[in-house]
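Below are the chains, spelled out letter by letter.
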Amino acid sequence: MAAQDTFPNHNAEWAASFNKGHLTLGQPTKKMVIVACMDTRIDPAKQLGIDLGEALVIRNAGASTREALRSIVISQRLLGVREVAVVHHTDCGQFTFTNESITEQVKSEAKGNSTITKAVDDLQFLNYYSNVDESVTGDVKFLKESPLLVEGTLITGWVYDVYTGKVMSLVVHSLIVRA
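Residues numbered from 1 in each chain as written. Predicted model: local features only at pLDDT ≥ 70, side-chain atom pairs only at ≥ 80, totals over all residues. Heavy atoms only, no water.

This paragraph deals with the nonpolar core. By size, the foremost hydrophobic cluster in this structure holds 21 residues, and its most contacted members are Val35, Ile72 and Leu143. Listed by contribution, the elements that provide at least two residues to this core are β1 (32-37), α3 (65-79), β3 (83-89), α6 (132-145) and β4 (154-160). Apart from the residues within four sequence positions on either side, Val35 is in contact with Ile58, Ala63, Ser64, Thr65, Ala68, Ile72, Val84, Ala85, Val86 and Val87. Core analysis: the second largest hydrophobic core is formed by 10 residues, Ile50, Ala55, Ala85 and Val162 among them. (Core = buried A, V, L, I, M, F, W, Y, C linked by side-chain atoms within 4.5 Å. Buried < 20%, exposed > 50% of the residue type's maximum accessible area, 1.4 Å probe, protein only. Helix = DSSP H or I, 4+ residues; strand = E, 2+ residues; numbered from the N terminus. Contact = heavy atoms within 4.5 Å.)

A separate point is the packing of α3 against α6. Taken N-terminus to C-terminus, the directions of α3 and α6 make an angle of 40 degrees; their axes are 10 Å apart at the nearest point. If you check the angle between α3 and α6, you find them oblique. In the packing of α3 onto α6, the handedness of the crossing is right-handed. Note on element contacts: α6 touches α3 through Asp139, Phe142 and Leu143, opposite Thr65, Arg66, Leu69 and Ile72. Across the contact of α3 with α6, the residue classes break down as four nonpolar, one polar and two charged. (Axes fitted to C-alpha atoms, helices over the stretch in contact; angles between N-to-C directions. Parallel < 35°, antiparallel > 145°, perpendicular 65-115°, else oblique. Left-handed = near helix turned anticlockwise from the far one by under 90°. Nonpolar A, V, L, I, M, F, W, Y, C, P; charged D, E, K, R; others polar.)

Before going further, it helps to spend a moment on the pattern of salt bridges. Counted under the stated rule, the structure contains eight salt bridges. Residue Lys46 pairs with Asp43 through a salt bridge whose shortest N-O separation is 3.9 Å. Note that Asp121 and Lys107 form a salt bridge whose closest N and O atoms lie 2.7 Å from each other. With Asp121 in helix α5 (residues 114-121) and Lys107 in helix α4 (residues 99-110), this pair connects stretches of sequence that are 14 residues apart. Three or more residues are tied together by salt bridges with common partners; here these are Asp39, Arg41 and Asp91. (Salt bridge = Lys/Arg side-chain N within 4 Å of Asp/Glu carboxyl O.)

If you want it as structure tokens, here you go:
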């Protein structure tokens with residue numbers, strides 16, 4: 001049985017006690033975006049005490065702010081977001097490969113398919129860092145230097161420990177101020 005086959009029953013349980021229908025279109029009450037990894041051991045809202053409707057959560061491989069930038073810009077301009085929390089984690093799979101190794105793997109699986117070769121050559125897997133502290137600091141720096149974020153945006157960087165369940169602040173109060 002595919003996992004998706006269980007969706008209707010699980011959703012029926014969820015919907016039976018659902019009481020958040022009053023929430024407005026995507027406007028987070030905390031005016032916050034959380035950028036987190038897609039790792040299955042991570043549940044950023046629950047682990048940080050964020051309830052439904054309080055923050056937007058953007059998830060991607062490695063919690064890349066480069067990949068999340070489009071969504072952050074939209075959330076700032078259309079939803080009033082003024083705070084970004086970058087949450088990376090220990091034991092992240094993003095540190096287990098290089099852009100070159102994953103590109104070569106895709107090409108070898110495609111067995112000379114020029115369409116796939118071109119597509120993967122045009123794709124960046126965004127694994128610029130070798131450890132979690134460096135990745136959080138680098139992603140916060142990337143956002144702080146982006147001309148696309150609204151002045152006054154508060155950016156913080158965090159590391160979630162997948163073994164203890166604890167979160168540690170790495171970059172505190174990185175405020176965007178333009179000259």
